[in-house]
Amino acid sequence: MASFHSKSLDRLFEAILHLESVDECYNFFEDVCTINEVQDMAQRFDVALMLDEGKNYQSIAKEVNVSTATISRVSRCLNYGSGGYRNAIEKIKSAKEDKAK
């Protein structure tokens, strides 16, 4: 997906990487995105987390209030995509394990 890469996106992702707290993220994303866009991203990530936990499409659709088409797309990305969801999920799991120690 080389056409997805650009200097503009590089700058955006660099800015995100420099944010240091959840509050800073809220402020940044509130300025950059509409509330619906941020909520849509959060829903898709919730779907990825639930799929990773082994939940089925019907229970996810009810709990997160998304279509099975959205769940299917997230599932494809989770299993066959560039690894973004998987990497983020593994980092969250690792951070939780480190915190529990």
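Scope of this entry: the structure provided in the associated data block. Residue numbers run consecutively from 1 along every chain, following the written order of its sequence. Residues qualify for local features only when their pLDDT is at least 70, as the model is predicted, and side-chain atom pairs are given and counted only at 80 or more; totals for whole chains, interfaces and linings, by contrast, use all residues. Where side-chain values are given, they derive from all heavy atoms of the structure, hydrogens and water being excluded.

## Comments concerning the overall build of the protein
Strands are runs of DSSP state E lasting at least two residues, helices are runs of H or I lasting at least four, and both sets are numbered from the N terminus onward. The number of helices and strands found in the protein is six helices and zero strands. What you see in the protein, going N to C, is helices and strands ordered as α-α-α-α-α-α. Three exposure classes are used, based on accessible area relative to the maximum for each residue type with a 1.4 Å probe and protein chains only: buried under 20%, partly exposed in between, and exposed over 50%. Every one of the 101 residues in the protein was classed for burial, and the buried ones make up 15%. Taking the contacts inside the protein whose residues are at least 6 apart along the sequence as the reference set, 34% of them involve residues at least 24 apart. The protein chains shown are the only cover counted for residues, whose accessible areas, like all others here, come from Shrake-Rupley with a 1.4 Å probe. For the protein, the exposed surface amounts to about 8000 Å²; the carbon and sulfur share of it is 53%. Computed over 13 positive and 16 negative side-chain charges, the inter-centroid distance for the protein is 8 Å. Should any heavy atoms of two residues lie within 4.5 Å, those residues are counted as being in contact. Under this rule, positive means Lys or Arg and negative means Asp or Glu; His and the chain ends count for nothing. For charged residues, the charge sits on one atom: NZ in Lys, CZ in Arg, CG in Asp, CD in Glu.

## Focus on the nonpolar core
In a soluble, globular protein the nonpolar side chains are often hidden away together inside. We define a nonpolar core as any set of buried Ala, Val, Leu, Ile, Met, Phe, Trp, Tyr and Cys residues linked to one another through side-chain atoms lying within 4.5 Å. Judged by nonpolar contacts, the single largest core of 13 residues is most densely connected at Val47, Leu51, Ile60, Val64, Ile71 and Val74. Counting residues per element, the ones that place at least two in this core are helix H3 (35-52), helix H4 (57-64), helix H5 (68-80) and helix H6 (84-100). When sequence neighbours within four positions are dropped, the list of residues in contact with Ile71 reads Val47, Leu51, Tyr57, Ile60, Ala61 and Val66.

## Re the packing of aromatic side chains
Whether two aromatic rings pair depends on their centres lying within 6.5 Å, for rings of Phe, Tyr and Trp, where Trp uses its six-membered ring; planes under 30 degrees apart make the pair stacked, over 60 edge-to-face, and the rest tilted. With the rule as written, the count across this model stands at two aromatic pairs. For the ring pair Phe28 and Phe29, a centre distance of 5.5 Å and an interplane angle of 90° mean the geometry is edge-to-face. Seen from their ring centres, Phe45 and Tyr85 are 6.4 Å apart, and the 20° between their planes marks the pair as stacked. Remark: Tyr85 occurs in helix H6 and Phe45 occurs in helix H3; sequence separation between them is 40 residues. Residue Phe45 is classed as partly exposed on the basis of its relative accessible area of 23%.

## A look at unusual backbone geometry
A positive phi angle is found at Asn65, which is not glycine, with a value near 60°. Tracing the chain through its elements places Asn65 in the loop between H4 and H5. Judged by its relative accessible area of 66%, Asn65 falls in the exposed class.

## What about the side chain of Ser75?
Mapped onto the secondary structure, Ser75 falls in helix H5. In this structure, Ser75 is in contact with Leu51 and Tyr57, ignoring residues within four places of it in sequence.

## Re H3
Compared with the 26 Å implied by 1.5 Å per residue over 18 residues, the 26 Å span of H3 between its first and last C-alpha is a close match. Buried within H3 are the following residues: Val47, Ala48, Met50 and Leu51. Seen from one end, H3 has its buried residues packed into an arc of 165°, which puts them on one side. The inward-facing, buried residues of H3 contact H4, H5 and H6. Looking one or two residues past H3, Gly54 carries a phi angle of roughly 90°, positive in sign. Take the number of residues in a helix, subtract one, and multiply by 1.5 Å to get its expected span. As used here, the arc belongs to the directions running from the helix axis to the C-beta atoms.

## Comments concerning the packing of H3 against H5
Every axis in this analysis is a line fitted to C-alpha atoms, fitted for helices over the stretch in contact. Angles between the N-to-C directions lie between 0 and 180 degrees. Direction vectors running N to C along H3 and H5 enclose 65°, while the axes themselves pass 9 Å from each other. On the basis of the axis angle, H3 is roughly perpendicular to H5. Judged by the sense of rotation from one axis to the other, the crossing of H3 with H5 is right-handed. From H3, Arg44, Val47, Ala48, Leu51 and Asp52 reach across to H5, where they touch Thr70, Ile71, Val74, Ser75 and Leu78. Under the convention adopted here, Pro, Cys and the residues Ala, Val, Leu, Ile, Met, Phe, Trp and Tyr are nonpolar, Asp, Glu, Lys and Arg are charged, and Gly plus all remaining residues are polar. Class assignment for the residues of the contact of H3 with H5 results in six nonpolar, two polar and two charged. Note on angle classes: values under 35 degrees are labelled roughly parallel, values over 145 roughly antiparallel, values of 65 to 115 roughly perpendicular, and the remainder oblique. With the far helix as reference, a near helix turned anticlockwise by less than a right angle produces a left-handed crossing, and one turned clockwise produces a right-handed crossing.

The values reported here are purely geometric and, on their own, carry no functional implication.
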